[in-house]
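Descriptive analysis of the structure
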Amino acid sequence: MAFIRSFLKSGALTLLAAYGWLRIRFSNQPTLLILTYHRILPSDAPERAAEQPGMLTTPEALEEHIRFARKLGAELIHLNEWLERNEKGEKLPHLSVAFTFDDGWRDNYQYAYPKLKAQNAPATIFLVTRMIGTDKTFWPEQVLSLVTTKAIPDNAPAFEWLRPYLPTKSDPGGNHRLSLLEADEVVAQLKSLEDATIIDSLEKVYESHPELAPTPTARSILNSSELTEMSQDGLVMFGAHTRHHFRLNRLKDEKTLKEEIVDCLDDLRRLGKSAIPVFCYPNGNITGKGQNLVSSTYKAACTTKTGWNHTGCNPYDLRRFNLHDGNSHSKRALLATIGRGLL
Ligand SMILES: [Zn+2]
């Protein structure tokens with residue numbers, strides 16, 4: 001039975017890959033494929049132990065994607081350049097591929113940049129501007145680290161907010177450290193709360209249980225000298241991904257909404273000439289008011305919707321393919337992910 005299941009799964013993957021290849025090969029108008037990555041980490045990197053699997057790609061897979069995009073006949077292009085040429089009505093390559101990285105992880109400098117540089121592949125990193133150069137990390141990584149490495153103490157009031165999102169215990173009184181998959185599910189469920197609420201609640205946990213506070217580890221977010229180095233040869237440009245990575249549909253306060261969208265571009269411009277007025281919605285979420293601010297501040301915006309983009313597309317609704325080890329570890333898997341996204 002397991003054999004039949006795996007045979008069918010493999011067949012479906014091959015069909016999807018063939019479909020993806022045919023769509024790319026026979027697209028009848030200039031097309032832009034935007035590929036999205038988050039963290040680029042070697043398969044033995046310790047950071048992987050407390051990270052969502054959907055965030056992780058190996059440097060070798062990225063290298064292979066760059067090579068494969070060229071083999072498919074794509075021109076690797078800066079996202080900003082494609083948008084500008086599209087806006088001016090200039091001729092665009094039949095197939096363009098733009099590499100994008102969300103959140104501004106330090107590993108983008110450590111592991112992605114050498115691969116981009118070696119193959120002269122341009123890229124855009126969407127930065128969370130108030131995180132740059134800090135030793136902070138995002139709340140999902142804090143929660144993952146907390147619940148996978150430590151047992152949550154019973155009856156401790158500081159954890160009341162978290163308890164409804166934890167899986168039901170099968171072993172009362174035992175060690176309740178969660179597996180990475182269980183922890184990933186907790187993070188998904190916690191997204192029903194506001195980001196600021198989760199961040200405040202985590203702070204309270206650390207105040208009452210200092211032993212659970214994150215221990216100083218290697219910085220996980222890019223700093224300004226890394227940004228400068230990556231932008232020196234024009235290979236990497238920087239777009240906006242808000243100031244604090246707050247999901248914009250959950251902000252009730254208009255002042256904060258403006259700060260996260262409009263003022264984030266001021267932060268970005270202070271970085272220098274590699275800043276581009278392109279926004280990326282955290283978690284893909286936005287409201288009408290937020291959308292208006294984005295449209296009046298930026299030239300374009302990337303969504304989390306899957307698909308490709310053609311000339312004349314809505315620049316504030318750019319589609320992308322979110323890639324990670326699970327869906328792009330081989331050429332067939334990558335093509336199948338593209339094929340599935342175009343169904
Ligand atoms: Zn993000």
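Conventions used here
Residues numbered from 1 in each chain as written. Predicted model: local features only at pLDDT ≥ 70, side-chain atom pairs only at ≥ 80, totals over all residues. Heavy atoms only, no water. Helix = DSSP H or I, 4+ residues; strand = E, 2+ residues; numbered from the N terminus. Rg over C-alpha atoms; globule rule 2.2 N^0.38 Å. Buried < 20%, exposed > 50% of the residue type's maximum accessible area, 1.4 Å probe, protein only. Contact = heavy atoms within 4.5 Å. Areas by Shrake-Rupley, 256 points an atom, 1.4 Å probe, with all protein chains shown as cover. Lys, Arg positive; Asp, Glu negative; His and termini not counted. Charge placed at Lys NZ, Arg CZ, Asp CG, Glu CD. Donors = N, O, S within 2.8 Å, 3.2 Å for Na, K, Ca; no water. Pairing = 2+ DSSP bridges. Phe/Tyr/Trp six-rings, centres within 6.5 Å; stacked < 30°, edge-to-face > 60°. Lys NZ or Arg CZ within 6 Å of the ring centre and 35° of its normal. Core = buried A, V, L, I, M, F, W, Y, C linked by side-chain atoms within 4.5 Å. Salt bridge = Lys/Arg side-chain N within 4 Å of Asp/Glu carboxyl O. Polar contact = N/O pair within 3.5 Å; in protein donor to acceptor, adjacent residues only side chain to side chain. Domains from an automatic or database assignment. Buried area = accessible area lost by both parts, 1.4 Å probe. Nonpolar A, V, L, I, M, F, W, Y, C, P; charged D, E, K, R; others polar.

1. Focus on the overall build of the protein chain
- Counting secondary structure elements, the protein chain contains 12 helices and 11 strands.
- In summary, the protein chain has a C-alpha radius of gyration of 21 Å against a globular reference of 20 Å for 343 residues, a match within 12%.
- In the protein chain, which comprises 343 residues, the proportion classed as buried is 51%.
- If you take every contact in the protein chain between residues at least 6 apart in sequence, the share linking residues at least 24 apart comes to 70%.
- Here the protein chain has roughly 16300 Å² of accessible surface; of this, 54% comes from carbon and sulfur atoms.
- Computing the positive centroid from 41 side-chain charges and the negative centroid from 40, the protein chain places the two 6 Å apart.

2. Points about the coordination of the zinc ion
- Protein coordination at the zinc ion comes from Asp 103 (OD), His 241 (NE2) and His 245 (NE2), with a distance range of 2.1 to 2.2 Å.
- The sequence pattern describing where the donors of the zinc ion fall on their chain is D-x137-H-x3-H. Of the two residues, His 241 and His 245, neither departs from the other in class, the shared state being buried.

3. Some details on the pairing of strand β6 (residues 123-127)
- Counting buried positions along β6 yields five of five residues, so the element is predominantly enclosed.
- A two-sided burial pattern is seen for β6, the buried positions comprising Ala 123, Ile 125 and Leu 127 on one face and Thr 124 and Phe 126 on the other.
- Of the strand pairs in this sheet, strand β5 (residues 95-103) and β6 are connected by five bridges, and their pairing is parallel. Counted as the bridge partner of Asp 102 is Phe 126 from β6.
- Where β6 lies against strand β7 (residues 236-240), five bridges are found, and the strand directions are parallel. Each residue of the ladder has a partner; that of Phe 126, found in β7, is Gly 239.

4. Some details on unusual backbone geometry
- In the Ramachandran plot, Asn 120 falls in the positive-phi region, its phi being about 50° despite a non-glycine side chain.
- Along the chain, Asn 120 turns up in the loop between α4 (106-118) and β6.
- The class of Asn 120 is exposed, set by a relative accessible area of 54%.
- Although it is not a glycine, Thr 242 sits at a positive phi angle of roughly 75°.
- With respect to the helices and strands, the residue Thr 242 is situated in the loop between β7 and α9 (254-270).
- Relative accessible area serves as the criterion here: at 0%, Thr 242 is assigned to the buried category.

5. Notes on the side chain of Thr 57
- Mapped onto the fold, Thr 57 is located in strand β3 (residues 56-57).
- Under the relative-accessibility criterion, Thr 57 is labelled buried at 0%.
- Not counting the four nearest positions on each side in its chain, Thr 57 is found in contact with Tyr 37, Arg 39, Ile 40, Leu 41, Arg 48, Leu 62, Leu 323, His 324 and Asp 325.

6. With respect to the packing of aromatic side chains
- For the structure shown, the criterion picks out six aromatic pairs.
- Here the aromatic rings of Phe 279 and Tyr 281 are separated by 5.7 Å at their centres, their planes lie at 80°, and the arrangement is edge-to-face. In this pair, the class of Phe 279 matches that of Tyr 281, namely buried.
- Every member of this aromatic cluster is reached through a ring pair, and the members are Tyr 37, Phe 99 and Phe 101.
- Here the guanidinium or amino end of Arg 25 rests over the ring plane of Phe 26, the centre of that ring lying 5.3 Å away.

7. Brief notes about the nonpolar core
- Among the nonpolar cores identified, the biggest contains 55 residues, and Phe 99, Phe 101 and Phe 279 are the most heavily contacted of them.
- The contacts of Phe 279, once residues within four sequence positions are left out, are Phe 126, Ala 240, Thr 242, Leu 248, Glu 260, Ile 261, Val 294, Tyr 298, Ala 300, Ala 301 and Cys 302.

8. Section: the pattern of salt bridges
- This structure, assessed with the given rule, holds 22 salt bridges.
- Glu 81 is the salt-bridge partner of Arg 85, the closest N and O atoms lying 2.8 Å from each other. You can see Arg 85 and its partner Glu 81 sitting in helix α3 (residues 79-87), four residues apart, about one turn around the helix.
- When its relative accessible area of 19% is taken as the criterion, Arg 85 is described as buried.
- The exposure class of Glu 81 is partly exposed, given its relative accessible area of 34%.
- For Arg 163, the salt bridge identified is with Glu 160, shortest N-O distance 3.3 Å.
- On the basis of relative accessibility, which here comes to 46%, the residue Glu 160 falls in the partly exposed class.

9. A look at the environment of Asn 285
- Tracing the backbone through its elements, the reader meets Asn 285 in the loop between β8 (275-280) and α10 (288-297).
- Through-space distance from the C-alpha of Asn 285 to that of Gln 119 is 33 Å; in sequence the pair is 166 residues apart.
- Among all residues touching Asn 285, those that are not within four sequence positions of it are Arg 247, Leu 248 and Asn 249.
- For Asn 285, the side chain forms a polar contact with the side chain of Asn 283, separated by 3.0 Å.

10. Topic: the domain arrangement of the protein chain
- By domain assignment, the protein chain separates into domain 1 (2-135 + 218-341) and domain 2 (139-212).
- If you average the C-alpha positions of domain 1 and of domain 2, the two centres end up 29 Å apart.
- Of the residues lining the interface, 14 residues belong to domain 1; the matching set on domain 2 comes to 17 residues.
- Of the roughly 1200 Å² buried where domain 1 meets domain 2, counting both sides, 47% is carbon and sulfur surface.
- Of all residues in domain 1, the largest losses of buried area upon contact with domain 2 belong to Gln 52, Arg 247 and Arg 250, amounting jointly to 43% of the total for that side.
- Counting the contacts that link domain 1 with domain 2 gives one salt bridge.
- As a salt-bridge pair, Arg 247 and Asp 195 come within 3.1 Å of each other at their nearest N and O atoms.
- On the surface where domain 1 and domain 2 come into contact, there are seven residue pairs in polar contact (both at pLDDT 80 or more).
- Tallied by class, the residues present in the side of domain 1 that touches domain 2 amount to six nonpolar, three polar and five charged.

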